[in-house]
Amino acid sequence: METILFAISVALQPINLFFAFIGVVIGTLVGVLPGIGPTAAIALLLPTTFRGDVVSGLIMLAGIFYGTQYGGSTTSILVNIPGEAASVVTCLDGYKMAQKGRAGPALGIAAFGSYIAGTFSIILLTFVAPPLAKLALYFGSPEFTAMAILGLSLLVSLSSGSMVKALMMAAVGLILGVVGVDPARGTPRFIFGIYELEDGIGLAPVAMGLFGISEVLLNVEKSLEEKRETLVGKVKGLLPNLQDWKDSAVAITQGSILGFLIGVIPGGNTIIASIASYTLQKRISKHPEKFGTGVIEGVAAPEAANNAATGGAFIPLLTLGIPTTPVMALLLGAFMIHGIIPGPLLINNNPDIFWGLIFSMYIGNIMLLILNLPLIGIWVKVLKIPYGILFPLIILFCLIGAYTLNNSQVEVGIMVFFGFVGFLMKKFDYEPALLLLALVMGPILEESLRRSLALSGGNLMIFIHRPIALSLLVLAFVSLVSFPMTRAFRKPKIN
Amino acid sequence: MNSRNRISAIFCFFLGLTVLIKGMRLGLKVDQEMGAGFFPLVAGGILTLLSFILFVQSLMDHGTQGHKEPFWVTPSGWKRVFLTLFATAAYPLLIGHLGFILSTLFLLFFFFKVIARLKWWAVGVGGSVATMCAYLIFEIWLKANLPQGLLGF
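Being a predicted model, the structure only gives us computed values, none of them experimental.

(A) Spatial organisation of the overall build of chain B. From N to C terminus, chain B includes four helices and two strands. When the helices and strands of chain B are placed in sequence order, the string is α-β-β-α-α-α. Its C-alpha radius of gyration of 24 Å places chain B more than 25% over the 15 Å reference for a compact globule of 153 residues. In terms of overall dimensions, chain B has C-alpha extents of about 60 × 55 × 25 Å along its principal axes. Here chain B, with 153 residues, has 35% of them falling under the buried criterion. In chain B, once contacts between residues fewer than 6 apart in sequence are set aside, the share between residues at least 24 apart is 56%.

Printed below as a string of structure tokens:
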């Protein structure tokens, strides 16, 4: 009870309420606008949190993350363009509903389903995270090494496309992670005389390049004169009727549970959650043939799942200190800039951050529900902003964001370089998310491996003698070996 | 995609090999502990091996040979990409000399006029308003200490 009151008092501080509001507004905006995702938006705004209070900054960044999941459905339903990758499957039935004049109930169930699933996942996060953090206190360096390897292998096995390419990206990320001065010996590695690289390659400029600049380059390559046709005139009656609720009840329930579970797994992001939930709903439905023609369950299931996955994704970060998605990697960066290491000790050492962040999500979800339904008209108007006006502003924010990290032109150079690299990666069919995650996991893995080997006097058998570490390594091996099976599960046929 | 796989495999092979060699030079073991070069060696080795596998795969896979997607989506797309990249790369070089306001104005005017092909009045209004907003947010509100340049603003 005392903990709950403490969490409420932190989250209800006016400054934290303000930042939660700013976060969810920006999140919704980013979700609505195609061409910029939550990773790029958080990377852009990461530097703005360096100077202020850490709790407020994290509340804002988290708000952007779950806010995008709400906003993404608007464009899927009204324009047939997913504003956010996790809303791709929402287009299938959402746009069809809009064409039939049922855009209102589609938007309504997307918002209510998102709210229910989002709140459900935060309740689970509230109760699951503390015991898991206690369990993680028994983890030593060998267990963390094995956990990092398991995280990377799951990310690779759950990635789309070629497994060889996914592993290559993980290796490139690990290589980039060793750039800088070796923390144990003080030996400079791959810094090429650039003293700004002594502390390593910054996460934020790489993320802004890979997810912000590269996305802009891909979009400007296409014609900028494309006009979006919205079905805004057909938005009537946002509240779903009783039959809509009956049809969506199972979809929202399974979407909430499945989405949360997928969110907890490393690599199991909001995109996978929404696709898996849609597929499951279609399989359990009495009328699967109607999916894709504008059924409300086809909107409720993926929207519930992608929101539930956001809560689940916080568990590995807050309890183990291991980011499992690019967004979580950036949040880890935000923690570390303030000298806070997320992990098992976070609850005891920084209860204000842990509980304040979690409780702010309850409030943020309520704010999103209020923002999304009555203000739908405003979000639709935002959609009409031509990309020719939007992309210079995205680039400008990236440039200023990168510059203000250290007031250094090197950071800007890194961002531009990785912008072009990200552009080429997409052209050559490589996944930038894996590179970014390996860049973050690399130093964690190297440090825990170093400590493990120091403990055992250089004997690798330490990983065999410790049961938890061994189990995790076996799981990592199994996840890589069972790659073809996971691919078959992950690539459902959606007509 | 096969030729692209081949090109990227060759690039990554040499990148991995370079890192591997550098890792060996940095030292693998110091006083029974992991040396600074151990991790780069392992990562470089993995990348080299995987690149080789990808290269071999691309040579053996004939299934997608017939399906060749053009690298550029539109004929003039490459011009817009390189002009955008050029302007973005030039901005950090300009900002130290011209200061935040002038370099931002130039950058936005360039994007609005050359890439987006907006009308002059839209270029002027859009560029000025966006520069002013960015200045207010970053310099005044967040106290980001943006460069003032030779002209002092």
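That was the structure; now back to the text.
(B) Seen up close, the overall build of chain A. Scanning chain A from terminus to terminus reveals 22 helices and two strands. In summary, chain A has a C-alpha radius of gyration of 22 Å against a globular reference of 23 Å for 495 residues, a match within 12%. Counting only C-alpha atoms and orienting by the principal axes, one finds that chain A spans roughly 70 × 50 × 45 Å. Residue burial in chain A is summarised as follows: out of 495 residues, 61% are buried.

(C) The arrangement of the interface of chain A and chain B in detail. Each partner contributes residues to the interface: chain A has 50 residues there, and chain B has 52 residues. Listed by contribution, the elements that provide at least two residues to the side of chain A that touches chain B are α8 (163–177), α9 (203–221), α17 (387–406), α18 (409–427) and α19 (432–455) of chain A. Looking at which element gives the most residues to the side of chain A that touches chain B, the answer is α17(A), with 10 residues. Among the residues forming the side of chain A that touches chain B, the class breakdown is 29 nonpolar, 10 polar and 11 charged.

(D) Main features of helix α11 (residues 270–284) of chain A. With 15 residues, α11(A) should reach 21 Å at 1.5 Å per residue; the first-to-last C-alpha distance of 21 Å fits that figure. Among the 15 residues that make up α11(A), 12 are buried, leaving the element largely enclosed by the rest of the structure.

(E) Summary view of the environment of A:Gly104. Residue and element names in this part refer to chain A. As for its position among the elements, Gly-104 is in helix α6 (residues 103–136). Exposure remark for Gly-104: the 20 C-beta atoms within 10 Å place this residue in the buried category. Separated by 90 residues in sequence, Gly-104 and Ile-194 have C-alpha atoms that sit 56 Å apart.

(F) Focus on the environment of A:Val299. Mapped onto the elements, A:Val299 comes out in helix α12 (residues 297–320). Along the chain, A:Val299 and A:Ser73 lie 226 residues apart, while their C-alpha atoms are 8.6 Å from each other.

(G) Layout of the packing of helix α3 (residues 38–45) of chain A against helix α4 (residues 54–79) of chain A. Residue and element names in this part refer to chain A. Where α3 contacts α4, the two axes come as close as 10 Å, and the packing angle between them is 160°. It follows from the interaxial angle that α3 and α4 lie roughly antiparallel. Relative to α4, α3 is oriented so that their crossing is right-handed. Together, Pro-38, Ala-41, Ile-42 and Leu-45 of α3 and Leu-61, Ile-64, Phe-65 and Thr-68 of α4 make up the contact between the two elements.

(H) Main features of the packing of α18(A) against helix α3 (residues 77–115) of chain B. Packing of α18(A) against α3(B) brings their axes to within 10 Å, and their N-to-C directions diverge by 180°. By the angle between their directions, the pair α18(A) and α3(B) is classed as roughly antiparallel. Where α18(A) approaches α3(B), its residues A:Gln409, A:Val412, A:Gly413, A:Val416 and A:Phe420 are matched on the opposing element by B:Leu85, B:Thr88, B:Ala89, B:Pro92 and B:Gly96. Along the lines of polarity and charge, the residues of the contact of α18(A) with α3(B) split into six nonpolar, four polar and no charged.

(I) Layout of the nonpolar core. Grouped together as the largest cluster of nonpolar side chains are 211 residues, with contacts concentrated most on A:Ala171 and A:Met208. Both domain 1 (2–60) and domain 2 (77–141) of chain B contribute no fewer than three residues apiece to this core.

(J) Fine view of α6(A). For α6(A), which comprises 34 residues, the first-to-last C-alpha distance of 46 Å matches the rise-based estimate of 50 Å (1.5 Å per residue) to within 8%. When the local axis directions of α6(A) are compared, the greatest deviation, roughly 30°, occurs at A:Val128, which is followed within four positions by the proline A:Pro130.

(K) Main features of unusual backbone geometry. Residue and element names in this part refer to chain A. With a phi close to 65°, Asp-429 is a non-glycine residue in the positive phi region. Mapped onto the secondary structure, Asp-429 falls in the loop between α18 and α19. The exposure class assigned to Asp-429 is partly exposed, which follows from the 14 C-beta atoms found within 10 Å.

(L) View of the confidence of the model for chain B. Residues and elements named next belong to chain B. The predicted model of chain B averages 86 in pLDDT, with 92% of residues at 70 or higher. Looking over chain B, one finds the lowest element-wise mean pLDDT in strand β1 (residues 29–30), namely 73, and the highest in helix α2 (residues 38–60), namely 93. Interface confidence for the predicted complex, expressed as ipTM, amounts to 0.92; the pTM equals 0.82.

(M) Quick peek at the environment of A:Ile77. Residues and elements named next belong to chain A. On the secondary structure map, Ile-77 appears in helix α4. The buried category is assigned to Ile-77, around which 32 C-beta atoms lie within 10 Å. Sequence separation between Ile-77 and Ile-122 is 45 residues; the distance between their C-alpha atoms is 26 Å. The residues touching Ile-77, leaving out its near neighbours within four places in the chain, are Thr-90, Gly-94, Tyr-95, Met-97, Ala-98, Ala-103, Ala-106, Leu-107 and Ala-110.

About the criteria used
Residues numbered from 1 in each chain as written. Chains lettered and ligands numbered in written order. Predicted model: local features only at pLDDT ≥ 70, side-chain atom pairs only at ≥ 80, totals over all residues. Helix = DSSP H or I, 4+ residues; strand = E, 2+ residues; numbered from the N terminus. Rg over C-alpha atoms; globule rule 2.2 N^0.38 Å. Buried ≥ 20, exposed ≤ 12 C-beta atoms within 10 Å, placed from the backbone. Contact = placed C-beta atoms within 7 Å. Nonpolar A, V, L, I, M, F, W, Y, C, P; charged D, E, K, R; others polar. Expected span 1.5 Å × (residues − 1). Axes fitted to C-alpha atoms, helices over the stretch in contact; angles between N-to-C directions. Parallel < 35°, antiparallel > 145°, perpendicular 65-115°, else oblique. Left-handed = near helix turned anticlockwise from the far one by under 90°. Core = buried A, V, L, I, M, F, W, Y, C linked by C-beta atoms within 7 Å. Domains from an automatic or database assignment. Bend = angle between axes of the 7 residues up to and from the residue. pLDDT = per-residue confidence, 0-100.

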